Amino acid sequence: MSSNTLSAVLKKLIHRLCLDDFPCGYGSWRATNTKVAETEETDVLLDMLSCCQSPWRGDASWSPQASALREMAVLTPERLRTDSVYRYFTTLRIVDKKVSIIDDGLLRFSKLEELVLSANKISQIPAENLPSTLKILELCANEVSALNGLTSRPPPHLLYLGLGSNRLGSHEDASHLTGRHWPQLVCLGLSDCEFQDQRALLTALSTLPCLRTLVLEGNPFTLASCYPGFTVDSLPQLSCLDALWISSEERRRYRGLTDMRDLIEERASAIVIVGRMRGIPDPMMSVDENAPEFPIITYSYYISYDSFSHQSAVTLTSHSEPTFVKASAANVTENISSEKDAHDPMVHTEETCCDMAHVSRHSTSKLPWAECVDFSDTQTHAVGDLSRFKRFLKQGLHVRIEEEKVLSWLAASEDVPAAKANPGVKEKKGGKGKETPNKAGSNKDKSKDKKKKSAQELVQDAPVTRVLASVHVPLQNLLKTGQTIDVLCEFGVLHTESEDLGKKTKEDKNKDEKETKQRGGSSTRPKNSAASKGKGKGRKESETDDQQEPVTVELRVELDKWQSASEARKALTSHQNS
């Protein structure tokens, strides 16, 4: 018998109950009417089974009947026979035991009512090997990809069927979830499967006469704007959807959505809002006051993120919002330095027949430095391929802070032959080097020079961009009942470009000094004192880093859902007119 079959696993678990060994079963340890040395009273034997410190306390988590069966082996061991042991079990919970085959050995449990086989490796469900007495069957987180084996001869009295986190989602799978196969089914779990056609699935589920509780969250179609309203209106007998009770007021709001079923498209609408950024150090703080007038350096900042990739159809609209809801959760920061591609505020898409990643990046508007930079950037992404969109949400969002530096020079003209030249430049005349004096000494000449400079246009170099920091934002909660994620992204303490260069120079200098010492260079007292000063300076720098506030960015990601049939009608009308 293979070790990965269900009956083999159950046989091992029953054997570990030690029903024939101490303190259970018959043996010299049992006290009788005739007092014999080294015997135990029945109460003492029972305590050995339940005491936390007892070495004979076995694992009974796989069945509530396991503990009761061991107690029976102490009290009335004569009642235990092989067949009676199997008939004693009504509940079996075999979770994460690497079971891959449900064999006919399960039929020996003739009174079994509840069977939980979650987190195993089961790919097929042979109905002929399931006891007809089953009322609860759970097969979540397995490798089930078809239901034809289960519905060939399904348990007739089944009340609960859990099939979540399996490879189900085809039209054929939906056709096996009808009242003809499950006339008494009350609760059905299909969470985190791959169902995309909501209408086909609801058509099948509407034939289940006793269905009252349904779990669908995590399927691609649940990301659509019409969910859960269309499901609630299509299944009037339903009482609970995705672990939430359906109120009468909710039914009233969604009433009429089924009449628009021919107009409804399975599309998701995701809104990404970038709010305020705080903590960016002022780049002009480290600028030397004696620096030349040109070039003029300007800094601007913006937020970028990879928009929903692997999409077959995406449209985008943008608008501004005056306020932003305060984010509440921080994420782990990743510091990244990379080149920036060309930024485009629009999301470009391509229709492709193959499953290739289409990566597009969205950037907010570029704003100058401020203690609080308010981007107020709102992007609405309409997504057509819900299955790929689900995979994107599982991967999460990478948010980056980027800096753009532009150098501006005074444009050269006929009146100003060299904009970058200093006024006191040595010029050669007659073969002798003489210093040419500055002839613009009068106030009139100075005013003329100012007018000329203001009239001159500035020539800008190509912008230099760099990624200051990046953070990963998990989006898995959007697959559940929550429709909004508010995050305060923390990027850590950042430094200006000149500070980074200064630190790099110091590190290189210290590295050279260490290499010199390793080569046998002698160290003197002044060098030691200088080193101690350097250490003190390093401590001051670390203290200032601790005092600086980390850079934060407010981010919100939400799924747009229709809250009523009237709202759906307006959305469909505007979509048709556009």
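Structure: above.
A.B. asks: Explain the overall build of the protein chain residue by residue, including any values.
C.D. replies: Across its full length, the protein chain holds 13 helices and 22 strands. Looking at the 578 residues of the protein chain, the share that counts as buried comes to 41%. Within the protein chain, residue pairs in contact and separated by at least 24 positions form 74% of the contacts whose partners lie at least 6 positions apart. Accessible surface, the protein chain: about 32500 Å² in total, of which carbon and sulfur atoms supply 50%.

A.B. asks: Mind laying out helix 9 (residues 386–395), listing which residues take part and the relevant values?
C.D. replies: Extensive coverage of helix 9 is indicated by the burial of 7 of its 10 residues. Where helix 9 is concerned, the buried positions are Leu386, Ser387, Arg388, Phe389, Lys390, Phe392 and Leu393. Where helix 9 is buried, its residues meet strand 9 (268–278), strand 10 (296–306), strand 15 (372–383), strand 16 (397–410) and strand 22 (552–559). For helix 9, the side-chain oxygen to backbone nitrogen distance between the N-cap and Ser387 is 3.4 Å, and the N-cap itself is Asp385.

A.B. asks: Pulling in residues and values, what's your account of empty space enclosed by the protein?
C.D. replies: Evaluation of the coordinates by the stated rule reveals 2 cavities of 30 Å³ or more. The volume enclosed by the largest cavity comes to roughly 50 Å³. Residue composition of the lining of the largest cavity, grouped by class: 6 nonpolar, 2 polar and 2 charged. In terms of lining residues, the second largest cavity is bounded by Gly169, Ser170, His171, Ala174, Phe195, Asp197, Ala200 and Leu201. Elements with a minimum of two residues in the lining of the second largest cavity: helix 5 (171–175) and helix 6 (198–205). By residue class, the composition of the lining of the second largest cavity is 4 nonpolar, 3 polar and 1 charged.

A.B. asks: Tell me what's going on with the pairing of strand 21 (residues 484–490), and back it up with residues and numbers.
C.D. replies: Buried residues dominate strand 21, accounting for 5 of its 7 residues. The pairing of strand 21 with strand 22 spans 7 bridges and is antiparallel. From the neighbouring strand, Val487 faces strand 22, where its bridge partner is Leu555.

A.B. asks: Hey, could you go over helix 13 (residues 565–577) for me, with residue numbers and the actual values?
C.D. replies: An α-helix turns once every 3.6 residues. As a result, residues three or four positions apart point the same way. In a regular helix each residue adds 1.5 Å, so 13 residues correspond to 18 Å; helix 13 covers 18 Å between its end C-alpha atoms and thus fits that length. Among all positions in helix 13, only Ala565, Ala568 and Leu572 are buried. Burial along helix 13 is one-sided: seen end-on, the buried residues are contained in an arc of 55 degrees. Within helix 13, the exposed residues directed more than 90 degrees away from the buried face are Lys570 and Asn577. Residues of helix 13 that are buried sit in contact with helix 8 (248–254).

A.B. asks: Which residues make up the state of the cysteines, and what values go with them?
C.D. replies: Evaluation of the coordinates by the stated rule reveals 0 disulfides. Between Cys187, a cysteine without a disulfide, and Cys240, which holds the nearest cysteine sulfur, the sulfur-to-sulfur distance is 8.0 Å.

Conventions and cut-offs
Residues numbered from 1 in each chain as written. Predicted model: local features only at pLDDT ≥ 70, side-chain atom pairs only at ≥ 80, totals over all residues. Heavy atoms only, no water. Helix = DSSP H or I, 4+ residues; strand = E, 2+ residues; numbered from the N terminus. Buried < 20%, exposed > 50% of the residue type's maximum accessible area, 1.4 Å probe, protein only. Contact = heavy atoms within 4.5 Å. Areas by Shrake-Rupley, 256 points an atom, 1.4 Å probe, with all protein chains shown as cover. Polar contact = N/O pair within 3.5 Å; in protein donor to acceptor, adjacent residues only side chain to side chain. 1 Å grid on protein atoms, 1.4 Å probe; cavity = no way out; pocket = protein on both sides within 12 Å on 5 of 7 lines; lining within 4 Å. Points joined across faces, edges and corners; volume = space filled by probe spheres on them. Nonpolar A, V, L, I, M, F, W, Y, C, P; charged D, E, K, R; others polar. Pairing = 2+ DSSP bridges. Expected span 1.5 Å × (residues − 1). Arc of directions from axis to C-beta. Disulfide = S-S within 2.5 Å.

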